[in-house]
Amino acid sequence: MAKLTTKFKSLKKTTKVDFATYLGVIAVFIVVTVLQNGGMLNRKTLGLLVPICCYMSMAVSLNLTVGILGELSLGHAGFMSVGAFSGVIVSQSLLTAVPNAPVRLAIAMVVGAIFAAIVGLLVGTPVLRLQGDYLAIVTLAFGEIIADLINCLLVGYDASGLHILFNVSGTKTIDDLGLDATGYAIIKGAQGATGTKTIAGLTAGFILVMVTLIIVLNLTRSRAGRAIMAIRDNPIAAQSVGLNLTKYKLMAFVTSAALAGAAGALYGLNYSSLQSVKFNFNTSILVLVFVVLGGLGNIWGSLLSAAALTILPEALRQFADYRMLVYAIVLIFVMLATNNPQFKAFFAKLLPRRHSAEEKEV
Amino acid sequence: MTQKTKLVPVTREPALLPERDADKSPVLECIDLGITFGGLKAVDSFNITIGRTEIAGLIGPNGAGKTTIFNLLTKVYQPTHGTILLNGRDIHGLNTAQINRAGIARTFQNIRLFQNLSVEENITTAMDTQMHYNMAEGILRLPRFWREERVVHERAMELLSIFHMEEFADAKAGSLPYGAQRRLEILRALATNPCLLLLDEPAAGMNPSETAELMENIRSIRDTFKIAVLLIEHDMNLVMNICEGIAVLNFGRIIAKGSPDDIQNNPEVIEAYLGKKKEA
Amino acid sequence: MEFLSYLISGISLGSVYAIIALGYTMVYGIAKMLNFAHGDVIMVGGYISFCAMFYLGLPNIVAVLLAVVVCTVLGIVIERLAYKPLRSAPSLAVLITAIGVSYFLQNSALLIWKAAARVYPPVVEGTASLFGGQLSISYISLLTIAVCVVIMLALTTFVNKSKMGKAMRACSEDKAAAQLMGINVNATISATFAIGSALAAIAGVLLCSFNTSLMPTTGSMPGIKAFTAAVFGGIGSIPGAFLGGLLLGIIEALAKAYISTTLANAIVFAVLIVVLLVKPAGLLGRYVPEKV
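Residues numbered from 1 in each chain as written. Chains lettered and ligands numbered in written order. Predicted model: local features only at pLDDT ≥ 70, side-chain atom pairs only at ≥ 80, totals over all residues.

For the rest of this paragraph, the subject is the overall build of chain C. Tallying secondary structure elements over chain C gives 11 helices and 4 strands in all. Over its C-alpha trace chain C gives a radius of gyration of 19 Å, about what one expects of a compact globule, namely 19 Å for 292 residues. Across its three principal axes, chain C shows a C-alpha extent of roughly 60 × 45 × 35 Å. (Helix = DSSP H or I, 4+ residues; strand = E, 2+ residues; numbered from the N terminus. Rg over C-alpha atoms; globule rule 2.2 N^0.38 Å.)

If you want it as C-alpha cells, here you go:
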C-alpha cells in the first residue's frame, strides 16, 4: 500500500486529476444505483438520470472542440440530433432482428456516432479553414440546417425494409411511404420520432460517460492531444514544427462530433417521442454554457457543471415562472464573478487560502 | 534619401563556404529570391548559399527585410519570384509544415511558444512527425504508445540538458522567464531534426553574459548536431564572433556579403548602419 | 408579376434584417463581441411600441419614438452592467454573458407579457396597387425599405463625417491607440450600443408589423439571421451588413416561394456557408493575415 501511495505521488498532476475524475464518476454511479435500487429516488429524479449522462458526454466532447482545440462551435446539438435520429432509426429497424435491448442500444449508439462523425467530417473539412467567429457562425448555421432537414424526413419500416422519403414540398405524409400491413412509422417529419421503444438506462449512460472520458482524456494526453493544443496556442508555430493543421483540427472536431452522436442516440432512445426542435441553437448554447462554466479544457469541470445545470432548473421548479430568470441571473453573475478583475479580487479576499484556482487545466 | 545598392549578379556565386564544407553540396541555396507586397519590393534578388555546417548571419537595419526572408524560406509568405534549393531540391510548392519536415526549423522574433503546454510538451510536440502510433493506439494506450512516449521523453530531456533546463520540464512554457523562453524555442526547433536552423534574434533581451553563453551553445549545437545555422541578430558582438559568413541586407537587397572582417570594413555597410557622412 | 411581388417582399424582409445587422456589425466592429442579446432588444422594442399604442393609446409615431428611447436606454444599461466589467475578459466569457442577458430579457418578457402571441397591427396600414391591381405592395413594405435606406445613408455619413463616428472607427482599429489619442473609449462604446439598440427598436416595430405578431421569442430567430447577414456581408462593415441583410431577405423570400417553406431557413444558412467558404471574410469584409 505504501508503495502504491509513493507511486501515486510520483505521477503527474494531470494523471492524478484524470484518475480522480474516473473514480468520481464511478463512485457517483454506484451511489445513484444503490439509491435507485433502494427506491429512494422519486420519478422526476429518475427521469433526469439519462439526460444528465447525455449532457455530461456532450459537455466533455464539446470541451474537446472549444477548450482543447480552441475553436468556438455553436452547432454541437446538430451532431447530437444526427446521432439521435439515426440511432432511433437503427434501433426501431432492428426491433425484431435484435431483440436484446442492450445490444440494440449499443448498435444504435455506435451507428449514431458513425453518422455524426461522417457529418462532422463533411462540415469540418471546408469549415475548419475559417477562423474564430466565422467558424462559430457556420456551425450555428449547420445546426439550424440539420434541424430543418430532419423536419422534412419521413421514415418507416416494414417487412420489405426501411422506407425513407424526403418531404421537401411539405405536402407528403407518412402514408406516402407505402408501408405494408406490418409497417410502422419511425420518423414523421415535423412531429419527429414517435412510438420509439425506450431502451436507454442509467448503466448505458454511465458507460457512455466513461467511454467519452477515456477517449477525450487519453486523446488529450497523447501526441494528437499535444498537437491539437499546440495548434490552439499558436497555429503558426505549430506549422513551423511540421504539424498538419487540418489533420489534427479535423481529428478533434470529428471525434467531438462522434461522441455527441453517441450521446444523441442514447438521448433519443430515452423518449418515446422526440422532435428535432429539441436540438436547436438553444441546446447548443446550453452545452456551451456547461463547458465555459466548467472551465475551458477542464474535463471534470464540464461533468460537474453539466450535472449541476441540468438539475438546477428542475430544483428551481418551486419558483415556477421565475426559474429561467434566476438561471439567467446566475449565469451573468457567475461570468462576472469569474472574469471581472474587481470581483475576482473581492473573492480572493474572502478566500485567502485558495491559490489560483482559475488556472487553466491540461 | 538616395537608395544606392550594388547589383548582385543573378548567377549562382562561388560560395563563401567554410573550407570544411567546400567539398559538400550546400544545405541551402537561394537564387534571385524576392517578394512584392502591393508594389513594394520587400525582398529583391536575394542570393545566398549556406554550407552544410556553416553558421551564417543575416544583418541589416530594422525593416531591411530580414524576417521576411525567414518567412519566405519557411513559406509563411509565398515568394513572388526566385528559387529555394534545400539540399539541392527545389522546395517550391511545399507548405510551412512540409518545409519543416524537409529540414528547415525556425524560431520567431516575437516568441511563439505553445504557452499552455509544459516545457517538455513543447519539445515533444515538435517530435510529432517522428512518431508513428496512431489515434486509436493513443486512446487505448497500446505498447507502441508507451514505447514512443518514453523515447520522446528521453530525447526531450537530453535536449533540455543543453541549456540546463531539465528542472523546468513540467513548468508551463508561458510561465518561463523571457530568456528561457527564447532558449526553449531553439530546443523546440532542434527537436524536429532539422538540417538548417533559422534563429530570429536569439539574443534579443539577453544580458552580455547570457549572450556569451548563448554563443557557445549555438556553436556546440552546430558541432553536436552537424547542422547549418542562419541567424538574424542585432548584437554585432555575437554575429562577428560566431558567424562564418555574413550577408548584409538593406531595403530588401543584399548590399554586402563576406566574412566578418570583410563586413566590418565595408563602407557601404557602415553607411547603411550609421548613415551617410555629410559632404561639406 | 408574381416574381416581382416575392422579390419586393424579400427586399422588405431583407431591409429589416439589414437594420438589425447594422446594430450587430457596429457593436462587433468596436467591442469585438457577438451581442446575442441584440435580437431580444428587438423584441422589447416591439412590446414597448405595442403597449404604448394599445394600453396608453399613444399615436403610432409617438409609440415608435418611445420604443426607441426605451431600447436606447436599455442598450446602454446592459452594456454598463454586463459587458463593461468584462472588457478585458476572454471573448467566450463575454459571449456567455450576452447569452445570459438574452435569456434574462426573454424571460422577463415572458413574465410581464406572457407567452401567448399578440396580434400586432402594422404601424402603417393599407396597400398600394400597381399595374392595374396586378401587383399590390403593402405600405409597410415600402416604409421598411425607405427607412432602411435612410438609416443606411445616415449611418454611413455619421461614421465617416462626425467626430463620434471617427472615434468609433479609431476604436475599432485599435482601442489602446485610440485611448492614447485622447478618445474616450468607454463613451464611444456606450454610444455604439445606444445606436445599435435604437436601430433594434425600429427594427422591432417594422418586424412585428411585417409578421403582425409578437411574442417573447420574436427576436431570437431574426436576431440569429441578422447576425448571419452581418457575417455574410463581412462583419464590421456597414455597407456589408446592408448588402448581407438584403440578400438574405431576398434568398429567404424566394426560397419560401419557389423551393420549400420548411427548408427556407436551411437554404439561407447553406448559402451563407458557401459564401464564407469562397470569401472567408464575407462579401465586403477584409481579411487581415496575422503578422509573423
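A count of helical and extended segments in chain A gives 14 helices and 3 strands. Against the 2.2 N^0.38 benchmark of 21 Å for 362 residues, chain A shows a C-alpha radius of gyration of 22 Å, consistent with a compact globule. Overall, chain A is about 70 × 55 × 50 Å in size when its C-alpha atoms are taken along their principal axes. In chain A, buried positions account for 51% of the 362 residues. Across chain A, every contact between residues at least 6 apart in sequence was considered, and the portion connecting residues at least 24 apart equals 77%. (Buried ≥ 20, exposed ≤ 12 C-beta atoms within 10 Å, placed from the backbone. Contact = placed C-beta atoms within 7 Å.)

A few words now on the environment of R223(A). Secondary-structure assignment places R223(A) in helix α8 (residues 223-233). A residue is classified by how many C-beta atoms lie within 10 Å of it, and R223(A), with 26 of them, is buried. Apart from residues no more than four positions distant in its own chain, R223(A) is found in contact with D128(B), M131(B) and G138(B).

A few words now on the interface of chain C and chain A. Taken together, the contact pairs 36 residues of chain C with 36 residues of chain A. Among the elements of the structure, α4 (91-113), α9 (220-233) and α11 (264-278) of chain C are those that each provide at least two residues to the side of chain C that touches chain A. Here the side of chain C that touches chain A takes 12 residues from α4(C), the largest share from any one element. The class makeup of the residues in the side of chain C that touches chain A is 25 nonpolar, 10 polar and 1 charged. (Nonpolar A, V, L, I, M, F, W, Y, C, P; charged D, E, K, R; others polar.)

The next point concerns the packing of helix α1 (residues 2-31) of chain C against helix α5 (residues 139-161) of chain C. Between two packed helices, the angle of one axis relative to the other and the distance separating the axes together describe the packing. Residues and elements named next belong to chain C. With their axes 9 Å apart at the nearest point, α1 and α5 run at an angle of 35 degrees to one another. Of the two possible hands of crossing, α1 and α5 adopt the one that is left-handed. Only S141, T144, I145, C148, I151 and L155 of α5 make contact with α1, whose side of the interface consists of I8, S9, I11, S12, S15, V16, A18, I19 and L22. Class assignment for the residues of the contact of α1 with α5 results in 10 nonpolar, 5 polar and no charged. (Axes fitted to C-alpha atoms, helices over the stretch in contact; angles between N-to-C directions. Left-handed = near helix turned anticlockwise from the far one by under 90°.)

In this section: the pairing of strand β4 (residues 81-86) of chain B. Residue and element names in this part refer to chain B. As paired strands, strand β1 (residues 28-37) and β4 are joined by 5 bridges and run antiparallel to one another. By the bridge assignment for β4, I31 is matched with T83. In this structure, β4 lies alongside strand β5 (residues 89-90), joined through 2 bridges in antiparallel fashion. Of the residues in β5, the one forming a bridge with L85 is D90. Connecting the antiparallel pair β4 and β5 is a turn made up of 2 residues, with N87 showing a positive phi of about 55 degrees. (Pairing = 2+ DSSP bridges.)

Before going further, it helps to examine the environment of L248(C). Residues and elements named next belong to chain C. Looking at where L248 falls in the secondary structure, it is placed in helix α10 (residues 238-258). Exposure remark for L248: the 27 C-beta atoms within 10 Å place this residue in the buried category. Taking the C-alpha atoms as reference points, L248 and F36, 212 residues apart in sequence, are found 19 Å from one another. Residues in contact with L248, not counting those within four places in the same chain, are G14, Y17, K225, T228, A229, F232 and V268.

Turning next to the sheet that holds strand β7 (residues 196-200) of chain B. Backbone-to-backbone hydrogen bonds join strands into a sheet, with any given pair of strands oriented parallel or antiparallel. Residues and elements named next belong to chain B. Spatially, 6 strands are ordered β6-β7-β8-β3-β9-β10 in an open sheet, and the strand pairing comes out mixed. Looking at which strands have only one partner, the edges of the open sheet turn out to be β6 (104-106) and β10 (253-258). When the angles between neighbouring strand axes are averaged without regard to direction, this sheet yields 20 degrees. Bridge count for strand β9 (residues 245-250) against β10 is 5 bridges, and the pairing is antiparallel. Looking across to β10, one finds that A247 is bridged to K257.

Attention now moves to the confidence of the model for chain A. In the predicted model, chain A carries a mean pLDDT of 87, and 93% of its residues have values of at least 70. Per-residue pLDDT stays below 50 along residues 354-362 of chain A; that stretch engages in 13 contacts with residues further than four places along the chain or on separate chains. (pLDDT = per-residue confidence, 0-100.)

Residues and elements named next belong to chain B. Counting buried residues in helix α1 (residues 66-73) gives 8 out of 8 residues, a clear majority hidden from the surface. Buried within α1 are the following residues: K66, T67, T68, I69, F70, N71, L72 and L73. Just downstream of α1, K75 is the residue with a positive phi angle, here 65 degrees.

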